[in-house]
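If you want the building blocks of each chain, they are given just below.
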Amino acid sequence: MKNRIIVNCVAISALALSFLLVGCDRQVSSEKTSTVSSDGTVKSKEKTVTKSSDGTVTKTEETKKTTPP
C-alpha cells in the first residue's frame, strides 16, 4: 500500500515538473511604427522578437498599408 502511494507521488511530481520546465515563449522586444504620406496613406510596421524555452529566437515583421476611401 505504501509503495503505491510513493509511486503515485513520484509520478505526479515528475508530471508537474515537466509542465514547469516547458514554459512559454517570452517576448524579447517589440517595435511599432506608423507613417502617413501626403495623400493620406498610412503605412504601419510591427517587429517582434520572441525567445522560446529551448533558446531559439524568432523574428517577426508585419507591414500594413491603408489607403483612404
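Everything here concerns the structure above.
As the structure is a prediction and not an experimental result, all values here were calculated from the model.

Undergrad: Describe the overall build of the protein chain, with residues and values.
TA: Within the protein chain, the secondary structure is distributed over one helix and three strands. Across the protein chain, helices and strands are ordered from the amino to the carboxyl terminus as α-β-β-β. By residue count, 6% of the 69 residues in the protein chain fall in the buried class. Here the contacts in the protein chain between residues at least 6 apart in sequence split such that 24% fall between residues at least 24 apart. Accessible surface computed for the protein chain: about 6,300 Å², of which carbon and sulfur atoms make up 58%.

Undergrad: So, the pairing of strand 2 (residues 42–51): which residues are in play, and what are the values?
TA: Relative to strand 2, strand 1 (residues 26–36) is paired through ten bridges, and the arrangement is antiparallel. By the bridge assignment, V36 is partnered in strand 2 with V42. Turn length for the strand 1-strand 2 hairpin, with the two strands adjacent in sequence and antiparallel, is five residues, and the turn residue G40 shows positive phi of about 95°. As paired elements, strand 2 and strand 3 (residues 57–66) share ten bridges and run antiparallel to each other. The partner of V49 across the bridge, within strand 3, is K59. Where strand 2 folds back onto strand 3 in an antiparallel hairpin, the turn is made up of five residues, including G55, whose phi is positive at roughly 100°.

Rules and cut-offs
Residues numbered from 1 in each chain as written. Predicted model: local features only at pLDDT ≥ 70, side-chain atom pairs only at ≥ 80, totals over all residues. Heavy atoms only, no water. Helix = DSSP H or I, 4+ residues; strand = E, 2+ residues; numbered from the N terminus. Buried < 20%, exposed > 50% of the residue type's maximum accessible area, 1.4 Å probe, protein only. Contact = heavy atoms within 4.5 Å. Areas by Shrake-Rupley, 256 points an atom, 1.4 Å probe, with all protein chains shown as cover. Pairing = 2+ DSSP bridges.

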